[in-house]
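# Topology and contacts: notes
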Amino acid sequence: MNKFEQLGLNESLLRAITDLGFENPSEVQEKAIPLLLEKDTDIVALAQTGTGKTAAFGFPLIQKIDPENRNTQALILSPTRELCLQITNEIKLYAKYIKGLHTVAVYGGASITEQAREVKRGAQIIVATPGRMQDMINRGLVDVSKIDYCILDEADEMLNMGFYDDIVNILSTSPDDKSTWLFSATMPQEVARIAKEFMRKPLEITVGHKNSGSSTVSHEFYLVNARDRYEALKRLADANPDIFSVVFCRTKRDTQAVAEKLIEDGYNAAALHGDLSQAQRDSVMKSFRNRQIQMLVATDVAARGIDVDNVTHVINYQLPDEVETYNHRSGRTGRAGKLGTSIVIITKSELRKISAIERIIKQKFEEKTIPSGMEICEIQLFHLANRIKDVEVDHEIDSYLPAIYEVMKDLSKEELIKKMVSVEFNRFINYYKKNRDLSAQSAGERGERGAARPNDSGAVRYFINIGSRDNYDWMSLKDFLRDTLGLGRDDVFKVDVKEGFSFFNTDAEHSEKVLDILNSFQMDGRRINVEISKNDGRDNNSGRRDHNNRGGGFKRGGSDRGFERGNRNSGERRGGSSYGEGRSGARNSSPGGRPPRRGDSAAPRDRKPRRN
Ligand code: ADP
Ligand code: MG
């Protein structure tokens, strides 16, 4: 009898578990499953992320649901759209041998009518984000009056995101005699309050920490303005001449764009993401292993399972949506007992994520500042001096040496060294002389630049390039924005939907987050573009608003390519894929690019022609 069978799971679940390849239950599963199967009880389960909580509630839930009854019997609430979809997928896999059991995902940003229709067709299990669920209840699109089970997954995160009221409402509208199962990584006060007020004598289980980070990895973050992200990345690379790193972005599109920019700016970089063919991916990975690529820019999915040793830095160019993903990322460095550094480039609005991550990895971050141009020049100078000292001489050069000695014969040893080093150093110092004030800004004026100017009431109005043409009305757009931004119920207001675009307001404090998150968001493959509108959203203002719109009160980036954040003035991108181009694309003169790098004309391994 296998371990899962011992927990009391039935035949169809056991078959699915075998298909999934789970051999032994995790600790939280071992503790929760028998309890939940045995009787109808409330439960509070505390376990870190990655410990298998979905199956801990999913298996017993599926076994207890009656697939012949088409009523909604269980509601699973989860904090984000991504998690909601992930749980739905897992549940479907677990229940694949159970005929008639239907699970539907309900979340903001997608058509509410379509979701309502799916629910109507008969969904015994609904997996939902609290905001959208509350709306569906309000509009009478779902019936939770007969549910037997309500599961709060990642309760701490949901409350962090301001869903307290929604959760309380949903718990109060559903039957008193249902069972409530609360799963959480931590137990902050608000979670305890929910447990106390809305649960009946919950059983409690706690499991040990499974996924605390590797102690050979140190964690650092650098606070920058959203628009300085890329510049910060370049400086970090310049300050670490021997960097061998994986750079994580949130989307394929960003991954591609960052890799392309790095290549244009002369770095050994390449993109790794799901739009590449398998052959392309293999080729990129081969170059990375050979260290022809120093900066591998990757999506989480594509980088899954990268097992390259000696990665010196993991760089979170953008933080992942799921805090737990951070662990997978940072695990790419510090392997095989080596030391590694995991770096987060972060904006002010995301700072709270750092403490969430600290709780998971059980390690503290060190806050650092992006090195100044002079610091970088200094690092590069010493790096160069050491390279000269350590370089292995190829004796092919011997025959040229007498003539070369002749050229240098009037220089003293000190002068010769000074001049040799200057050959490289001058390029760096010239570049950073021009750019010097930028580091002062990113370190000193945090949050000042790029911040929106609020109107008198402290609100900021935005333009966004989605509208009724994309099937949004003001309610569904509000839902979508709130869910995507992780904002509370009333944080998005004055939503005004036009055909091809819309306007909305938030308080000024959210503006950096709004711009940062939405501008890296894609919808059906299309880039979302959000800009601060000069139109302040005050209605009935003697036509002023129309005037502002017509007069270009909001900027759309001047062209169709205005979607491309941070690249608005750079004209066309280079065509083709960035993959595998490596340093061959170095352009020493490109304005705004990086200074040409040591070894641009020297190190043989860098000059190998690359076969794509
Ligand atoms: P949590 O919700 O605690 O963060 P998940 O339920 O998302 O964790 O599970 C994390 C990963 O572990 C998933 O990929 C899941 O498929 C896998 N997993 C869960 N239980 C087991 C098990 N018993 N054996 C092997 N893998 C498991
Ligand atoms: Mg989970």
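Looking at an unreviewed UniProt entry, one finds the protein named RNA helicase, with Flavobacterium suzhouense as its source organism. Under the UniProt heading Sequence similarities (unreviewed entry), the entry covering the protein gives this text: "Belongs to the DEAD box helicase family."

### Topic: the site of ligand 1
Ligand 1 sits among 15 residues. The nearest are Asn24, Gln29, Gly50, Lys53 and Thr54. Between ligand 1 and Asn24 there is a distance of 2.8 Å, counted from a nitrogen atom to a backbone nitrogen or oxygen. Thr54 is positioned such that a nitrogen or oxygen atom in its side chain is 2.6 Å from an oxygen atom of ligand 1. Against a free-state accessible area of 570 Å², the protein chains account for coverage of 72% of ligand 1. Looking at side-chain class alone, the shell around ligand 1 contains three nonpolar, nine polar and three charged residues.

### Points about the pattern of salt bridges
Following the criterion strictly, the structure yields 24 salt bridges and no others. Here Asp40 makes a salt bridge to Lys64, at a shortest N to O gap of 2.7 Å. Of this pair, Asp40 sits in the loop between helix H3 (27-38) and strand E1 (43-46) while Lys64 sits in helix H4 (residues 53-64); the two residues are 24 residues apart in sequence, bridging distant segments of the chain. Here Lys64 falls in the partly exposed class, since its relative accessible area comes to 22%. Among the ionic pairs, Arg235 bridges to Glu231, the shortest N-O distance being 3.3 Å. With a gap of four residues between them, Arg235 and Glu231 both fall in helix H11 (residues 229-238), about one helical turn apart. Taking the relative accessible area as the measure of exposure, Glu231 reaches 13% and is therefore buried. By sharing partners, the salt bridges in this structure join Glu231, Lys234, Arg235 and Asp265 into a single network.

About the criteria used
Residues numbered from 1 in each chain as written. Chains lettered and ligands numbered in written order. Predicted model: local features only at pLDDT ≥ 70, side-chain atom pairs only at ≥ 80, totals over all residues. Heavy atoms only, no water. UniProt positions renumbered as here; feature names shortened; annotations may be inferred. Near = heavy atom within 4 Å. Polar contact = N/O pair within 3.5 Å; in protein donor to acceptor, adjacent residues only side chain to side chain. Areas by Shrake-Rupley, 256 points an atom, 1.4 Å probe, with all protein chains shown as cover. Nonpolar A, V, L, I, M, F, W, Y, C, P; charged D, E, K, R; others polar. Salt bridge = Lys/Arg side-chain N within 4 Å of Asp/Glu carboxyl O. Helix = DSSP H or I, 4+ residues; strand = E, 2+ residues; numbered from the N terminus. Buried < 20%, exposed > 50% of the residue type's maximum accessible area, 1.4 Å probe, protein only.

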